[in-house]
Amino acid sequence: MRDEDIGSEVLSNSIQFQAINDLSRLLQDVDINRIRAAIYREVDDIKQSQTVALSCVYFLTLLMVGRYQDILEPEKVSKSPFTKEAMDSNMSSPSLRNERVRSEEQSEEQQEDSPRSLEDKFEDVDLGTPVVDADDVDLAEGASSKGQRRRSLNADSKRSNFARSVTWSGDNQLGAETGKPQIAGETDNEDLGLGIGASLDLTASPNESDRADSENMQSLSFASSFNFNKVAMGNNISKYLENSLSGCSQVLRDLFLDFSQFLTKTLIGSHGQELLHEGLIVMKNSQSSVELVMMLCSQEWQKAIQKHAGGAFLNLENEGRIISSLTADHLIRVADEANEILNKEYQDQMARQSEFEARCATHLADRREEESMCDRLIVASRRRDALTSVKFIQKVLSSASSQSFSEGDVDAHNFYKIDSWEDNLRRRRRLVLNPNGSCHPEATLKADDDVKNDETAGEGAGSQQQMLKELKVESVSGTKDDKEELETDMNSLEDNENEAEMQSHLINIPSTTNPVKFQSHEVVLIHPCVNSLGMLSITTNEIIFDIDEENPTYKKLDPALIAYCDLTHIKIPFSDIRAVFSRRFLLQNTAIEIFVNTRSAIMFNLPDLGAVKQAITLLPRVGIGTKFGAQQTRRYSMASGRALFRLTNMTEKWQKREISNFQYLMYLNTIAGRTFNDLNQYPVFPWVVKDFDSPELDLKSPATFRDFTKPIGAQTPQRAQYFREKYEKWESDTVPPFHYGTHYSTTGFVLNWLVRCEPFTSMFLNFQGGKFDHADRTFHSIKQAWTNCQRDTSDVKELIPELFYLPEMLRNRNGLKFGKLENGEVVNEVILPGWASTPEEFIRKHRMALESEFVSCQLNHWIDLIFGYKQKGPDAERAVNVFYHLTYEGSVNFDAITDPVMLDALRSQIKSFGTTPAQLLTEPHPQRSSIIVLNPQLFKELSKSPQEGYSIKFLSNSPVVHLSSNTHQSSTSPACVAMAENMSYSINKWDNSSVANAVKQMTGNGDQEQSVSRPLQVDSLQTQSVHANYTGRKLCSDLLDTNFLVQRSSFAVTADNSYVLVCGFWDRSLRVFQLETGKLAQVVFGHYGIVTCVARTENRSGLNSHVVSGSEDNTLLVWEWNCKFQCIMGEKTIPGEYPMAKAILMGHESAVKCVSASSELGVVVSCSDISHVLVHLLHGEFVRRIRLPDTRPNSCISQILLNASNGYIFTVSNKTLLDVFSLDGVLLAQKHDFACSKVNDLVTSHDGAYVIIAGHGNTLAVCRSHNLEVLHEFDLENKNEAKSLLNVRSVELSWDNRYVLAGLSNGSVFVVPVNFTRWYPEYHEQLKVSSSNSPASITPTHKPEPIVPSSNPAVNSENTNEQ
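Predicted model only: the values in this text are computed from it and were never measured.

Report on the overall build of the protein chain, specifying residues and quantitative values.
Helix and strand content of the protein chain: 37 helices and 40 strands. Here the protein chain, with 1363 residues, has 56% of them falling under the buried criterion. When contacts within the protein chain are restricted to residue pairs at least 6 apart in sequence, those whose partners lie at least 24 apart make up 65%. Just so you have it, the protein chain exposes about 58,300 Å², and 49% of that area is on carbon and sulfur atoms.

Please set out the sheet that holds strand β37 (residues 1270-1275) residue by residue, giving values where relevant.
Taken together, four strands build an open sheet; the order of strands is β34-β35-β36-β37 and the sheet is antiparallel. One side of each edge strand has no neighbouring strand; the edge strands of this open sheet are β34 (1239-1244) and β37. Between one strand axis and the next, the sheet turns through 20 degrees on average, direction left out of account. Strand direction decides the pairing type here: strand β36 (residues 1259-1264) and β37, joined by five bridges, are antiparallel. Across the sheet, the residue bridging to Thr1259 is Asp1275, located in β37.

Explain the packing of helix α25 (residues 661-671) against helix α31 (residues 853-866) to me, using residue names and the numbers behind them.
How two helices pack is summed up by the angle between their axes together with the distance between the axes. The interhelical angle for the contact between α25 and α31, taken along N-to-C directions, is 15 degrees, at an axis separation of 11 Å. Considering the angle they form, α25 stands roughly parallel to α31. Here α25 runs over α31; the crossing is right-handed. On α31, the residues that touch Asn661, Tyr664, Leu665 and Leu668 of α25 are Val855, Ser856, Leu859, Trp862 and Ile863.

Outline the packing of aromatic side chains, listing residues and values.
Across all of its chains, the model carries 35 aromatic pairs by this definition. With a centroid separation of 5.0 Å and 45 degrees between ring planes, the pair formed by Phe545 and Phe604 is classed as tilted. Separated by 59 residues along the polypeptide, Phe545 in strand β7 (residues 542-547) and Phe604 in strand β11 (residues 600-605) bring together distant segments of the chain. Arranged with centres 4.8 Å apart and planes meeting at 55 degrees, the rings of Trp730 and Phe738 form a pair that is tilted. Both residues of the pair, Trp730 and Phe738, belong to the buried class.

Which residues make up the pattern of salt bridges, and what values do they have?
Where charged atoms from two side chains of opposite charge come close, those side chains can pair. Using the criterion set out here, one finds 34 salt bridges in the structure. For Arg429, the salt bridge identified is with Asp423, shortest N-O distance 3.2 Å. The exposure classification of Arg429 matches that of Asp423, with both residues buried. Here Lys783 and Asp693 are joined by a salt bridge, their closest N and O atoms 2.7 Å apart. On the criterion of sequence distance, the pair formed by Lys783 in helix α29 (residues 782-791) and Asp693 in the loop between α25 and α26 (717-728) is long-range, its members being 90 residues apart. Salt bridges sharing common partners tie together Glu808, Arg811, Arg813 and Glu840.

Requested: an account of the sheet that holds strand β17 (residues 1051-1053), with residues and values cited.
Strands pair in a sheet through their backbones, by hydrogen bonds, and they do so in one of two ways: parallel or antiparallel. Read across the open sheet, the four strands follow the order β17-β18-β19-β20; overall the sheet is antiparallel. Looking at which strands have only one partner, the edges of the open sheet turn out to be β17 and β20 (1080-1085). Here the average twist between neighbouring strands, direction ignored, is 20 degrees. In terms of strand pairing, strand β19 (residues 1069-1074) meets β20 through five bridges, oriented antiparallel. Bridge pairing in β20 places Leu1070 opposite Val1084.

Lay out a nonpolar patch on the surface in plain terms, naming residues and giving numbers.
Together, Phe392, Ile393, Val396 and Leu397 make up an exposed nonpolar region whose accessible area comes to about 400 Å². Within the secondary structure, Leu397 is located in helix α15 (residues 299-403).

So what's going on with the confidence of the model for the protein chain? Which residues, and what values?
Counting all residues, the mean pLDDT for the protein chain is 76, and 72% of those residues have values of 70 or more. Low confidence marks residues 492-513, where pLDDT is under 50. Its contacts with residues over four positions away, or in another chain, come to 46 contacts. Under a pLDDT of 50 for its full length, residues 942-946 has, in the predicted model, nine contacts with residues more than four places off or in other chains.

Hey, could you go over the nonpolar core for me, with residue numbers and the actual values?
It is characteristic of soluble globular proteins that their nonpolar side chains tend to be buried jointly. Residues Phe604, Trp753, Leu803, Met809 and Leu810 are the most contacted members of the largest nonpolar core, which totals 179 residues. If you tally residues by element for this core, the top one is α25, at seven residues. The contacts of Trp753, once residues within four sequence positions are left out, are Trp687, Phe779, Ala785, Lys797, Glu798, Leu799, Ile800, Leu803 and Met809. One finds Leu60, Leu241, Leu255 and Phe259 within the second-largest nonpolar core, a separate group that totals 45 residues.

If you had to explain helix α11 (residues 237-258) to someone new, which residues and values would you point to?
With 22 residues, α11 ought to run about 32 Å at 1.5 Å a step, and its terminal C-alpha atoms sit 30 Å apart, in line with that. Helix geometry: α11 is bent most strongly at Leu245, by close to 55 degrees.

Account for unusual backbone geometry, with residues named and values stated.
Omega for the peptide link from Glu758 to Pro759 comes to 5 degrees, which places this bond in the cis form. Note that Pro759 resides in the loop between α27 (747-753) and α28 (760-767). Even without a glycine there, the phi angle at Gln1126 is positive, about 55 degrees. Here Gln1126 shows up in the loop between β23 (1116-1122) and β24 (1127-1128). When its relative accessible area of 18% is taken as the criterion, Gln1126 is described as buried. Although it is not a glycine, Lys1215 adopts a positive phi angle of roughly 65 degrees. With respect to the helices, strands and loops of the structure, Lys1215 is situated in the loop between β31 (1209-1213) and β32 (1217-1221).

Account for α29, naming residues and giving values.
Turning to α29, its buried residues number three or more, namely Ile782, Ala785, Trp786, Thr787, Cys789 and Gln790. Its buried side turned inward, α29 meets α26, α27 and α30 (839-850). The backbone nitrogen of Lys783 has a side-chain oxygen 3.4 Å away, supplied by the residue at the start of α29, namely Ser781.

Tell me about the environment of Ala579, residues and numbers included.
The residue Ala579 is located in strand β9 (residues 577-585) in this model. In this structure Ala579 comes out as buried when scored by relative accessible area, which is 5%. Each residue touching Ala579, except ones within four places of it in the same chain, is listed here: Glu593, Ile594, Phe595, Val622, Gly623, Ile624 and Gly625.

Tell me about the environment of Ser762, and name the residues and values.
With respect to the secondary-structure elements, Ser762 resides in helix α28. Once the C-alpha coordinates of Ser762 and Ala560 are considered, the two residues, 202 residues apart in sequence, prove to be 7.1 Å apart. The contact partners of Ser762, leaving out residues within four places of it in the chain, are His440, Leu561 and Tyr564.

Give a description of the pairing of strand β14 (residues 975-980) that names residues and reports values.
Each regular strand carries side chains that alternate between the two faces of the sheet. Burial of β14 is extensive: six of the six residues sit out of reach of the surface. Of the pairings in the sheet, the one linking strand β13 (residues 960-966) to β14 comprises six bridges and is antiparallel in character. Residue pairing across strands places Ser965 opposite Cys976, the latter belonging to β14. With five bridges joining them, β14 and strand β15 (residues 984-989) adopt antiparallel strand pairing. Its bridge partner being in β15, Val977 is matched across the sheet by Ile987. Hairpin connection between β14 and β15: a loop of three residues separates the two successive antiparallel strands, and Met983 in this loop has a positive phi of roughly 75 degrees.

So what's going on with the side chain of His774? Residues and values would help.
With respect to the helices and strands, His774 occurs in the loop between α28 and α29. Relative accessible area serves as the criterion here: at 18%, His774 is assigned to the buried category. Within the structure, the side chain of His774 is placed 3.2 Å from the backbone nitrogen of Asp776, a separation counted as a polar contact.

Tell me about the packing of helix α3 (residues 46-72) against helix α14 (residues 289-296), residues and numbers included.
Look at α3 against α14: their axes get within 10 Å of each other, and the N-to-C directions meet at 105 degrees. Comparing the axis directions of α3 and α14 gives the class roughly perpendicular. Contacts from Thr61, Met64, Val65 and Tyr68 in α3 reach Ser289, Leu292, Val293, Met294 and Leu296 in α14. Residues of the contact of α3 with α14, tallied by class, amount to seven nonpolar, two polar and no charged.

Parameters at a glance
Residues numbered from 1 in each chain as written. Predicted model: local features only at pLDDT ≥ 70, side-chain atom pairs only at ≥ 80, totals over all residues. Heavy atoms only, no water. Helix = DSSP H or I, 4+ residues; strand = E, 2+ residues; numbered from the N terminus. Buried < 20%, exposed > 50% of the residue type's maximum accessible area, 1.4 Å probe, protein only. Contact = heavy atoms within 4.5 Å. Areas by Shrake-Rupley, 256 points an atom, 1.4 Å probe, with all protein chains shown as cover. Pairing = 2+ DSSP bridges. Axes fitted to C-alpha atoms, helices over the stretch in contact; angles between N-to-C directions. Parallel < 35°, antiparallel > 145°, perpendicular 65-115°, else oblique. Left-handed = near helix turned anticlockwise from the far one by under 90°. Phe/Tyr/Trp six-rings, centres within 6.5 Å; stacked < 30°, edge-to-face > 60°. Salt bridge = Lys/Arg side-chain N within 4 Å of Asp/Glu carboxyl O. Patch = residues over 30% accessible without salt bridge, like charges linked within 9 Å, V, L, I, M, F, W, Y side chains within 5 Å. pLDDT = per-residue confidence, 0-100. Core = buried A, V, L, I, M, F, W, Y, C linked by side-chain atoms within 4.5 Å. Expected span 1.5 Å × (residues − 1). Bend = angle between axes of the 7 residues up to and from the residue. Polar contact = N/O pair within 3.5 Å; in protein donor to acceptor, adjacent residues only side chain to side chain. Nonpolar A, V, L, I, M, F, W, Y, C, P; charged D, E, K, R; others polar.

Okay, here's the thing in structure tokens:
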């Protein structure tokens, strides 16, 4: 029982084995059924059935003979290796793994030799047990047989499902030792009809040795079980044989009977006899299995079966193996495809999952970014509101302080700073109150031992050799300029372009969820006081910038400088943007400058050029504005300076003297990238005068002026030779040679020029470490500054624009302590030349020198040096005009530098060395045309005959108290509107085409007998109704206050001559009347007292303007006149809304009498009964109070006038005294001894150089503005009126400064031509030269259009262009 238990245990451990019902039987019932099914399955294919039957005969015969041998000879069982002890040793022995190898070797021998006889097989197994090795069959045979494959496929569809099969070992040696059948695992080869013959386990490992071990283990398990059962068999051999072979014998009998016809012909003996015939007789006579097996053991049957059935069996086995192999390959291929599909699906699933997770992360990041952006916007909005509230509080405090006059002079306790407001010529002339002002007592002078001399770049280059060697510096001439690339791609930038390509640092938020179209956190605000990172957002209708106050750079800034920057948190509507320029910052084309309607500019440095293009694309289509005559398209905003120079017509205007030298230089600076926001790129102007010793400035002498053909560093031959030798002897492999180590425009030079004015004082102290520089190096003398430029090799600085318009930079208004010079002299205000006694006089004469004829003819050479072809290259070398290479655009490739330390060092070098402007042209700049060539008539001898005028009489005899001459050539309906004291008026058309005829008459070149040109025409309505008792046009005057005196300040006519604003009504209203019909158009309320005066700013037709009204309630209100809707607008600028004042101006202690305003300056000047003038800004901020001289404490100002060109303020006191003040409140001149006893009205020329005074009597006096010198008096003769009865009540000038219009007390308007050129000193000298020559010697090169005569034809129309 122990052996049986061990056999049962081994059998139970076999994988996928069914239970064996009877161990004594050779084949179980299930095996017999499988054999029958395999034989009779192919009933339709007879040949296939016969082949299978013949193979089964061989197989069953082999089984039965083998069993018969085992039963008859039990002594060989003990020799079997299938004992427990042998099994235990064999399980751990590697011999079993070598059985398959030996079997394969024997199979190869079988393929070479003929099939061995059945007897030989039996001899190998000691009783003829047939062993069929699968490897004995050539797998290549039958692989090409289509019939066999087809039959195997058909059999596969009908195969039976059973769990196990009994198979003979394919190992010859193993079979020789045991001869025992083996139990194989479940197989898929039932369709081959082999059932138990030739099974192939498809689930087995592809490793042949492992498969052999599995088969051997199966054989071991069954053989061991069979051996142990044989011991219990006893001596009943016959019965055991019958029981063991009954199933096989019955199947074999059925095969012999069913296939007798086929088998009879197949199984033939050695002599050709039919063996089956005899066998059938035996089988009919006896049903014994023993007899059947004994018959099969005969010699004839063995040979016949071996010869005829063995081959069929081997072929069938070979076919099964081939089909099994193909099936296995197919299954493996299908499994691989399935695995690939599953892997692909898995990868797709993982990709979808990753994409989903990425989308979720992106969505979450976007939401967080939006939340963060909203938080930043909310915080920025709060900070912006806080700044607005602070400004409002300061405004209220300034207004309150402006009312406290009892404490003394308010200006003596106030500090002022330069405002960022720019006029039409980009001059920053306004000084506003500085709440953060100080005299900086802590800024003590530096000790001498702390003073470090400025080193040139050449001297400092040696210490920087190591860094420059590591730095790859590109050639200046070989580097492609990004601006040129912009210029190439400029035409591809359409107006409706919206860049789809976004940088990694940019956030593009869809407009459906957020109006933000562009946002970057890497934008730097470029301001003279603050350069720090912030967030720039561009929405669909505004720009928002908020500086990052948590940034370390911002925290390191001086709070005193931050206080001067009001752009840290700003919001700019698109409607306020006037121009957009692309700029450079640190030689990189990554900045933009935006000009807004507050006449200031804001500059940002963006991360890269792509961000600049995208930002400009999203900004409104304004181009570079209308000032330079360019189209308002985005392509102009992206254009380089060289392209703008070609696309605009400013050079042609300058040549024709339509614009001044100052205006042209500012134009060149603007398009070349020079800006007030970057001190390293500050606008540069030339030294003009070199004579600072003479008591008088002689503008006719060439010796007065510098040499414009040479740079400032080479004005003398000695200095030029020194710098040439330095250039030629320069030896360096990394730094190109240069003439000048310092630049003509640097941050230090700009701050040194403007050190006396805030905020530049605070910036200078921050630049110098909180201390003033040594007194000898501080700007303290004009002459000394020029001398230093001629002696010091490290001083080659040029001038700045402020030296031509800002006298305050020469004053020490804030009382700064600069120390003493080496000679002991205290440094205070700037020492002026001998030909200037005051800063205002120096500025005026210095500007006259810039606009002089000599400078006009030589200025093109200086332009070649700074902006032109002599800026760099061989021409610059020949002109001794080469500067340090880091000052030129394109000299360094920043993208090639990866070291942040080296990059910061390079940027610091660029900041210290200055920046050369962009090169605008590569050929010589054209010369300015001479005035004598453009208009030789201006220099002919003046006519000896008196200039004749003419008058136009009103139907009413009421005095003409107001004249408005809106005669600009761009106006659609130029006319002169005359308002009478009785509220009647006339609209007199102005003919600009007839004005040209007056030039010849003024110069005496025309026919004196010809009738006088009459550009002013009589009102057409008055002409048509003269015979119908028509009294003229008249406004409704029933509502005027009875105590109101109608005068000039009671009316204000719009620029298009369509409406008139009238004050003085008892209901405290300001009324708007339509001039053509006289109907009331609008009634405006806002004052608490009767409106006493009204004024309009000087904007031309088509532009919005401001209207300022004064009242008896001691206040002034600023209104906005909308030219589109032709009315005064409200707060939201919506048609039909209630009018709302934009600002309230306070400070007067009595009723406001007169007012004058200027939109170019943004200033309102007003006066009341008390002898002082208040200056306000248009947005309501109080600036200063101007007191009249102390000699007239009780004077009452009756008239006030502000000229925007020079900023002069004219006041008339007590009808007899005329005073002239600068915009800063400095008294320039005063006069009271005019020919006319009283001054009724006055008007200035457009350039502000001359003032025309009207008063009692029939005379008009022409005076110089700066000193009130009387130059000429016009006698207005009228034959029909007595001379003593005529009084000039009002006066006005035509737009072109050619005609004076005077409103007389008899209700008529007198028109007289005027030529201001006759009083210009330089033209007087030219007139003397021209008169000595023959008229034929003056031959103009072409016939130009007539030039407008003025005090200086060079500045004739400089104020006609609005920014």
